[in-house]
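Summary of structural features
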Amino acid sequence: MKLSGRGRVIAAAALALAIALLLLPASAGATTRPLGAGTATFSLDPAETNTFMSNVIAPSPVYPARLSFGHSSVTFKMPISGGTWSGVKGTFLLTGGLAYVSPTAPSTFKLLRLTRWHAGVNTLAGFSIVANGTRSSPFFDENLMGSIPSIVKIHGHKYVKVTNVMLFLDTTSAAALTTAFGAPSFNGDFFGSVTFLARVK
């Protein structure tokens with residue numbers, strides 16, 4: 001059977017996860033551990049951000065999240081307040097959020113507010129996000145190819161580190177943008193990548 005481009009990506013991601021599982025200690029996949037504080041660092045795609053801006057849609061952090069613009073980068077950070085991790089999968093609970101704002105007149109604006117992120121990595125639920133008051137899951141297409149989780153020690157404490165989780169806008173997130181702003185469809189566009197670092201309790 002010949003796989004499509006999308007099928008090859010999914011197959012490669014599955015292979016990467018299988019390799020990651022083999023590299024972890026045998027007990028790692030059997031125990032679910034609670035997570036403590038940490039940080040989720042998103043590298044938003046500059047081209048996609050420029051597309052938003054060209055449609056007069058500006059990103060803005062929801063406290064205590066932080067957003068910064070570099071010469072050729074857009075970085076978005078959200079605190080991790082908890083979650084669980086088991087082997088090569090888990091969920092990070094994020095604090096704050098991201099809002100997209102589009103002014104329609106000097107004193108009015110359109111808004112898409114994304115809060116209460118439950119960032120599922122290699123889970124059926126995926127990224128579960130409250131968009132303008134309604135929880136949607138999954139909110140992104142998730143690509144784990146090239147992302148291998150690890151346990152690292154920092155100042156004597158164990159942390160879960162998951163790098164380079166690639167996120168793409170799917171039908172749910174694209175529909176939320178279109179509903180909020182009447183914008184053209186962003187379905188399938190690259191949103192950005194995220195690295196998670198959270199202490200293991």
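Here is a short report on the structure shown in this document.

It is worth spelling out the packing of aromatic side chains at this point. Per the stated rule, a full pass over the model turns up 13 aromatic pairs. Arranged with centres 5.4 Å apart and planes meeting at 40°, the rings of F42 and F76 form a pair that is tilted. With F42 in strand β1 (residues 33-44) and F76 in strand β4 (residues 74-86), the pair connects residues that are 34 residues apart, well separated along the chain. Across the pair, exposure class does not vary: F42 and F76 are buried alike. An aromatic cluster of at least three residues, connected via ring pairs, comprises F42, F76, W85, F92, W117, F127, F139, F140, F191 and F196.

With that settled, the discussion passes to the environment of G70. By the secondary structure assignment, G70 is in the loop between β3 (66-69) and β4. Overall, G70 belongs to the partly exposed group, its relative accessible area being 39%. Sequence-wise, G70 and P46 are 24 residues apart; in three dimensions their C-alpha atoms are separated by 9.7 Å.

Glancing now at empty space enclosed by the protein. This structure, assessed with the given rule, holds two cavities of 30 Å³ or more. Taken as a whole, the largest cavity holds about 60 Å³ of empty space. Around the largest cavity, the lining residues are F52, Y100, L112, L114, F139, F140, L169, S173, L177 and F191. Of all the secondary structure elements, the ones that give two or more residues to the lining of the largest cavity are β7 (108-121) and α3 (171-181). Residue classes in the lining of the largest cavity are distributed as nine nonpolar, one polar and no charged. The volume enclosed by the second largest cavity comes to roughly 30 Å³. Lining of the second largest cavity is provided by L44, D45, E48, T49, F52, Y100 and F191. The dominant element in the lining of the second largest cavity, judged by the number of residues it contributes, is helix α2 (residues 46-54), at three residues.

What follows covers the environment of S43. Its place among the elements puts S43 in strand β1. Sequence separation between S43 and V74 is 31 residues; the distance between their C-alpha atoms is 5.9 Å. The contact partners of S43, leaving out residues within four places of it in the chain, are V74, G192 and S193.

A word on unusual backbone geometry. Cis rather than trans, the peptide bond between Y63 and P64 has omega equal to 10°. With respect to the helices, strands and loops of the structure, P64 is situated in the loop between β2 (58-62) and β3. Put simply, S137 and P138 share a cis peptide bond, and its omega is -10°. One can find P138 in the loop between β9 (134-136) and β10 (140-143). Despite not being glycine, V56 shows a phi value in the positive range, around 60°. Tracing the backbone through its elements, the reader meets V56 in the loop between α2 and β2. A residue is classified by how much of its surface remains accessible, and V56, at 48% relative accessible area, is partly exposed. For N164, which is not glycine, the phi torsion reads 55° and is therefore positive. Examined against the element boundaries, N164 turns out to sit in strand β12 (residues 157-169).

What counts, and where the lines are drawn
- Numbers given to residues run from 1 along each chain, matching the order in which its sequence is written.
- Thresholds applied to this predicted model are a pLDDT of at least 70 for local features of residues and 80 or more for the giving and counting of side-chain atom pairs; totals over whole chains, interfaces and linings are not thresholded and use all residues.
- Side-chain metrics rest on all non-hydrogen atoms present in the structure, leaving aside hydrogens and water.
- What counts as a ring pair is set by centres within 6.5 Å for rings of Phe, Tyr and Trp (its six-membered ring), and what kind of pair is set by the plane angle: stacked under 30 degrees, edge-to-face over 60, tilted for all other angles.
- Note on conventions: DSSP H or I runs of at least 4 residues are helices, E runs of at least 2 residues are strands, and numbering of each starts at the N terminus.
- Relative accessibility thresholds used throughout: buried, under 20% of the residue-type maximum; exposed, over 50%; partly exposed, between the two (1.4 Å probe, protein chains only).
- A pocket, in this scheme, is an open set of points on a 1 Å grid over the protein atoms alone with protein on both sides within 12 Å along at least 5 of 7 lines, while a cavity is a set where a 1.4 Å probe fits but cannot get out; residues line either one if an atom lies within 4 Å of a point.
- Grid points are joined across faces, edges and corners, and a volume is the space filled by probe spheres set on the points.
- Amino acids are sorted into nonpolar (Ala, Val, Leu, Ile, Met, Phe, Trp, Tyr, Cys and Pro), charged (Asp, Glu, Lys and Arg) and polar (every other residue, Gly among them).
- Working rule for contacts: check all heavy atoms of both residues, and any pair within 4.5 Å makes them a contact.

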